[in-house]
Structure formats: structure tokens, C-alpha cells
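In case you want the letters, here they are:
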Amino acid sequence: MKRLLTLLLVLLTVKEMVAQPQFRAATAPPPTNRVTVTVHPGIELLTIVQLLAGKYPLPNKSRYAKETETYFAPCANHPAVEYARKLKKVYTDLPELGYCLDNFPAVRIHYPSHTDWYTLNGKDSVQTYIRLCRQFSEDSHFWAFYQQHQVDYAAWAEPVHARLAREGLIDKLDSLYRFRTKAAHWTIYLDPLNSWGAHAIMSQKLNPRYADRVVYNVGFLNHESTDLSVPTFSLGAESVMMVWHEGSHLYTHALQQQYRADISKLAYLFNGADAGMKRNNIQDWAHCFDENLVRGIVIALFRQYQLPKEARKQAAQEVVSDFQYAGDIADVISTKYSGQHAYQDFREFFPEILTYLARKYPTAASTN
């Protein structure tokens with residue numbers, strides 16, 4: 001009888017341990033030394049300048065946002081702020097130019113060789129703006145403010161880092177691409193004043209000193225917060241999309257440049273009149289293909305690592321959003337590449353996606 005009771009207790013204990021997700025995750029945690037989570041001083045600096053200029057969405061309420069507003073209010077008419085007000089094309093992701101600034105507090109500038117911001121605003125204007133923002137950093141004592149919040153930044157970063165490590169999302173993304181001989185280092189920048197979303201940063205284009213990093217930033221997205229709230233960036237279910245979607249923008253950028261001519265031959269597929277394209281401000285086929293590609297990759301990853309129901313929901317969401325080729329791209333990845341070894345890596349497989357689309361939609365009429 002005693003043996004029977006002991007056996008039952010052991011079985012119950014094992015059953016309870018297996019039922020707990022944290023136990024399963026703890027058995028083989030992925031390495032965490034490939035991920036840095038912090039607040040980038042340059043991006044934060046340019047966000048503040050843009051906010052003061054009235055050229056940035058208002059942040060969600062928080063104690064930090066209130067302290068920022070109070071601290072920098074005396075600089076509302078600084079030359080950098082005035083210049084931001086006069087720029088021709090100012091969008092929510094303009095603060096990515098802060099990635100050109102490093103070596104704080106003795107700020108060093110790297111001027112990009114090429115950037116879309118030069119096309120939108122003029123090279124001289126953009127470089128002048130970056131210089132004025134560096135002057136704003138000095139005149140406003142930005143570095144003192146940034147240093148005062150180091151404890152906050154570290155506290156915000158911890159749950160993001162922990163979740164990414166626990167779920168192995170980056171390792172799963174890498175397992176699809178296979179082409180990185182050296183594991184990429186991921187840097188995730190938290191944007192406590194960003195209320196609109198996430199954005200992949202092409203580090204090699206903006207600042208080659210950090211070309212070996214996969215970089216994106218993500219905002220504080222709680223629209224019900226108050227002036228007493230503490231920004232949180234745990235990401236929740238969105239972490240899957242943040243890593244797989246934004247990461248795929250970065251991982252496929254060079255491939256899309258390499259096959260630009262072949263991609264342009266499919267320009268007749270551009271569904272520019274659809275609501276999804278207009279809502280996402282997509283005005284050309286290159287941008288449309290880029291979004292369909294990464295969304296198709298995400299669907300394929302969902303099929304491989306998430307429940308079938310979640311994969312179907314993800315695919316349906318892209319149809320509703322008018323990314324009508326994402327499902328096709330996911331299909332060819334799932335049937336000819338994922339979990340197979342016919343291709344060494346995604347670089348070798350990539351042309352198959354273009355061939356598949358061309359065969360399925362050989363003329364503009366066939367897309368209707």
C-alpha cells in the first residue's frame with residue numbers, strides 16, 4: 001500500500017510539472033546573449049525634438065511622458081525644433097535617424113550614404129537636421145535626463161528580454177533562413193514615447209558601425225494608460241509578429257535588392273487600389289511585394305510553430321488586409337522549403353517564390 005501511494009504521488013507531481021508551461025520552457029532555455037533590449041539615446045532624442053515640433057503622435061500617458069514634457073518644455077523653440085517644423089516630409093519613423101548618433105554624451109554623427117529621407121527632404125536638409133539635433137542634445141542637457149532614467153530603462157527591458165529568451169522566437173526565425181554563418185545580434189529599442197507601433201531599422205544603411213545587428217524599435221502601446229502609469233513592453237502575443245515580421249524585413253532586404261529586376265517584372269500584380277494598400281500607405285509594387293513577402297513568411301512560420309488555428313487566423317487576417325499574395329508565398333515556402341533540405345538556405349530558395357507567383361498569375365487579368 002505504501003508503495004502504491006508513493007507511486008501515485010510521483011505520478012501526480014510529474015503530471016503537475018508537465019502541465020506548467022514555465023516548467024517546459026525552463027528545461028532548455030535558448031541563449032540570451034544574442035539579444036540586447038534598451039532605449040537608444042539617439043532615437044529618444046529625435047523623438048523628443050519631433051514631439052516638441054508637433055510632428056509626432058502624442059505618446060500614451062505615463063509618468064515618463066509627463067517628466068519628458070516638463071523637462072524639455074523650455075526647449076520648445078530650439079533651432080532643431082523649429083527646423084523639424086519646416087521639414088517637407090515628416091513621418092512617425094523619422095526618429096530612426098537618431099541611429100546615426102552615438103558615443104553619447106560627446107555625440108558622434110554618421111551621415112548615411114543613401115537613405116529615403118534624403119529623397120523625401122533633401123540631403124542637405126536631413127544632415128542639417130541631424131546636426132541641429134546633436135546641438136539640441138547639448139543645449140537641453142538631454143544626457144542628464146537619459147542618465148536619470150537608466151533604472152527605468154533596465155526595468156522595462158527585463159520582461160521583453162525574458163519572453164524572447166523563453167519562447168525562442170529568434171532561433172525559430174533563424175531556423176527558416178539558415179543563411180547566417182554567424183548568428184545575428186538582435187537589438188530591440190524600446191520607445192516609451194511611441195504610441196503607434198514598431199519599426200525595423202536598416203542598421204547597415206543608417207550607420208554601418210552597427211551593420212552586424214538586427215535592429216527594430218517598439219512603442220508603449222497602452223492607450224488606456226494614465227499620467228501615473230509605468231511604460232510596459234512585455235509585448236504579449238504581439239512578440240511573435242514583432243520578431244518574425246520585423247525580423248523578416250531585415251533578413252530579406254538584401255535579397256530583394258539582389259532580385260530587384262525580377263521582382264519588378266511582376267509589377268502588374270500590384271493591387272494599389274485596394275483598401276489595405278491605401279491604409280498602409282503602400283504606393284508601389286516594391287513596397288507591396290516586401291510586405292506580402294514578410295507576411296507570407298510569418299504565415300509559414302505560424303504553420304511550423306503555432307497551432308493550426310492560429311496559422312489559419314494569421315492567413316485570414318492578411319486576406320482581409322488585402323495582402324493577397326501572402327498566402328501564396330506561405331504555400332510555396334511550406335510545400336517546397338520548410339523542414340526540407342532541397343535548398344541549402346532561403347537565399348537559394350528565394351527565386352522559387354518569384355517563379356511561383358509568375359506561374360500562378362501569368363497576366364494582369366488573371367489576378368482579378
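Residues numbered from 1 in each chain as written. Predicted model: local features only at pLDDT ≥ 70, side-chain atom pairs only at ≥ 80, totals over all residues. Heavy atoms only, no water.

A.B. asks: For the overall build of the protein, give the residues involved together with the corresponding values.
C.D. replies: Of regular secondary structure, the protein possesses 18 helices and six strands. Intrachain contacts of the protein at a sequence separation of at least 6 include 79% that bridge at least 24 residues. On the protein, roughly 18,600 Å² of surface is accessible, and the fraction owed to carbon and sulfur atoms is 55%. (Helix = DSSP H or I, 4+ residues; strand = E, 2+ residues; numbered from the N terminus. Contact = heavy atoms within 4.5 Å. Areas by Shrake-Rupley, 256 points an atom, 1.4 Å probe, with all protein chains shown as cover.)

A.B. asks: Tell me about the packing of aromatic side chains, and please be specific about residues and values.
C.D. replies: In this structure the tally under the stated criterion is 35 aromatic pairs. Summarising the aromatic geometry, the rings of Trp 244 and Tyr 305 are spaced 6.2 Å apart at their centres and angled 45° between planes, so their arrangement reads as tilted. Of this pair, Trp 244 sits in helix α12 (residues 238–258) while Tyr 305 sits in helix α15 (residues 285–305), and the two are 61 residues apart along the sequence. The class for Trp 244 is buried, based on a relative accessible area of 0%. A cation sits over an aromatic face here: Arg 178 above Tyr 337, 4.1 Å from the ring centre. (Phe/Tyr/Trp six-rings, centres within 6.5 Å; stacked < 30°, edge-to-face > 60°. Buried < 20%, exposed > 50% of the residue type's maximum accessible area, 1.4 Å probe, protein only. Lys NZ or Arg CZ within 6 Å of the ring centre and 35° of its normal.)

A.B. asks: Break down the confidence of the model for the protein for me, citing the residues and quoting the values.
C.D. replies: Within the protein, residue pLDDT values average 87, and 87% of them lie at 70 or more. Taken as a whole, residues 1–31 scores under 50 in pLDDT and shows ten contacts with residues more than four places along the chain or in a different chain. (pLDDT = per-residue confidence, 0-100.)

A.B. asks: Quick rundown of the nonpolar core? Include the residues and the values.
C.D. replies: Core analysis: the largest hydrophobic core is formed by 101 residues, its most contacted members being Leu 190, Ile 333, Phe 346, Phe 350 and Ile 353. With ten residues, the top contributor of residues to this core is α15. If near-sequence neighbours (up to four positions away) are discounted, Leu 190 is found in contact with Val 37, Thr 38, Val 39, Trp 156, Ala 157, Val 160, Val 218 and Phe 233. (Core = buried A, V, L, I, M, F, W, Y, C linked by side-chain atoms within 4.5 Å.)

A.B. asks: Got a sec to walk through unusual backbone geometry? Specific residues and values, please.
C.D. replies: Pro 105 follows Phe 104 through a cis peptide bond whose omega is 5°. Among the secondary structure elements, Pro 105 is positioned in the loop between β2 (101–102) and β3 (108–109). Its identity is not glycine, yet His 141 carries a phi of approximately 60°, on the positive side. Along the chain, His 141 falls in the loop between α7 (123–139) and α8 (142–148). Within the chain, Asp 322 stands out as a residue other than glycine whose phi angle is a positive 70°.

A.B. asks: So what about helix α16 (residues 308–320)? Which residues, and what values?
C.D. replies: Compared with the 18 Å implied by 1.5 Å per residue over 13 residues, the 19 Å span of α16 between its first and last C-alpha is a close match. Taken together, the buried positions of α16 are occupied by Ala 311, Gln 314 and Glu 318. Angularly, the buried residues of α16 cover 60° about the axis, an arc narrow enough to put them on a single face. Those residues of α16 that are exposed and aimed more than 90 degrees away from the buried face are Pro 308, Lys 309, Arg 312, Val 319 and Val 320. Remark: Asp 322 follows α16 within two positions and exhibits a positive phi of approximately 70°. (Expected span 1.5 Å × (residues − 1). Arc of directions from axis to C-beta.)

A.B. asks: Describe the pattern of salt bridges, with residues and values.
C.D. replies: Note on pairing: side chains with opposite charge can pair once their charged atoms come close. Following the criterion strictly, the structure yields 13 salt bridges and no others. Note that Arg 295 is salt-bridged to Glu 318, the shortest N-O span being 3.0 Å. Within this pair, whereas Arg 295 is found in helix α15, its partner Glu 318 is found in helix α16, the two being separated by 23 residues in sequence. An identical accessibility class is assigned to Arg 295 and Glu 318; each is buried. (Salt bridge = Lys/Arg side-chain N within 4 Å of Asp/Glu carboxyl O.)

A.B. asks: Lay out the packing of helix α10 (residues 169–177) against α15 in plain terms, naming residues and giving numbers.
C.D. replies: Closest axis-to-axis distance for the α10/α15 pair is 11 Å, and the angle between their directions is 110°. Here α10 lies roughly perpendicular to α15, going by the angle between them. As for how α10 packs across α15, the hand of that crossing is right-handed. Of the residues in α15, those touching α10 at Lys 172, Leu 173, Ser 175, Leu 176 and Tyr 177 are Ile 297, Leu 301 and Tyr 305. (Axes fitted to C-alpha atoms, helices over the stretch in contact; angles between N-to-C directions. Parallel < 35°, antiparallel > 145°, perpendicular 65-115°, else oblique. Left-handed = near helix turned anticlockwise from the far one by under 90°.)

A.B. asks: So what's going on with the sheet that holds strand β4 (residues 185–191)? Which residues, and what values?
C.D. replies: Pairing in this open sheet of four strands is mixed, and the strands run β1-β4-β6-β5 from one edge to the other. Each edge of the open sheet carries a strand with a single partner, namely β1 (35–38) and β5 (198–201). In this sheet, neighbouring strand axes are inclined to one another by 20° on average, regardless of whether the strands run parallel or antiparallel. Both β5 and strand β6 (residues 213–219) contribute to a ladder of four bridges, which runs antiparallel. Within β6, the position partnered with Ala 198 by the bridge is Val 218. (Pairing = 2+ DSSP bridges.)

A.B. asks: So what's going on with the packing of helix α17 (residues 326–336) against helix α18 (residues 346–360)? Residues and values would help.
C.D. replies: For the pair α17 and α18, the least separation of the axes is 10 Å and the interaxial angle reads 130°. Classified by the angle their axes make, α17 and α18 are oblique. α18 is crossed by α17, and the crossing has right-handed handedness. Side by side, α17 and α18 meet where Asp 328, Ile 329, Asp 331, Val 332, Ile 333 and Lys 336 of the first sit next to Phe 346, Phe 349, Glu 352, Ile 353, Tyr 356, Leu 357 and Lys 360 of the second. Looking at the contact of α17 with α18 residue by residue, the classes come out as eight nonpolar, no polar and five charged. (Nonpolar A, V, L, I, M, F, W, Y, C, P; charged D, E, K, R; others polar.)

A.B. asks: Account for the environment of Ile 297, naming residues and giving values.
C.D. replies: In this fold, Ile 297 is placed in helix α15. For the pair Ile 297 and Asp 331, spaced 34 residues apart in sequence, the C-alpha to C-alpha distance is 9.5 Å. If near-sequence neighbours (up to four positions away) are discounted, Ile 297 is found in contact with Leu 176, Tyr 177, Ser 248, Thr 252, Ile 333 and Phe 346.

A.B. asks: Explain the side chain of Ser 137 residue by residue, including any values.
C.D. replies: Structurally, Ser 137 is set in helix α7. Aside from chain neighbours lying at most four places away, what touches Ser 137 is Leu 45, Phe 104, Val 107, Phe 142 and Trp 143.

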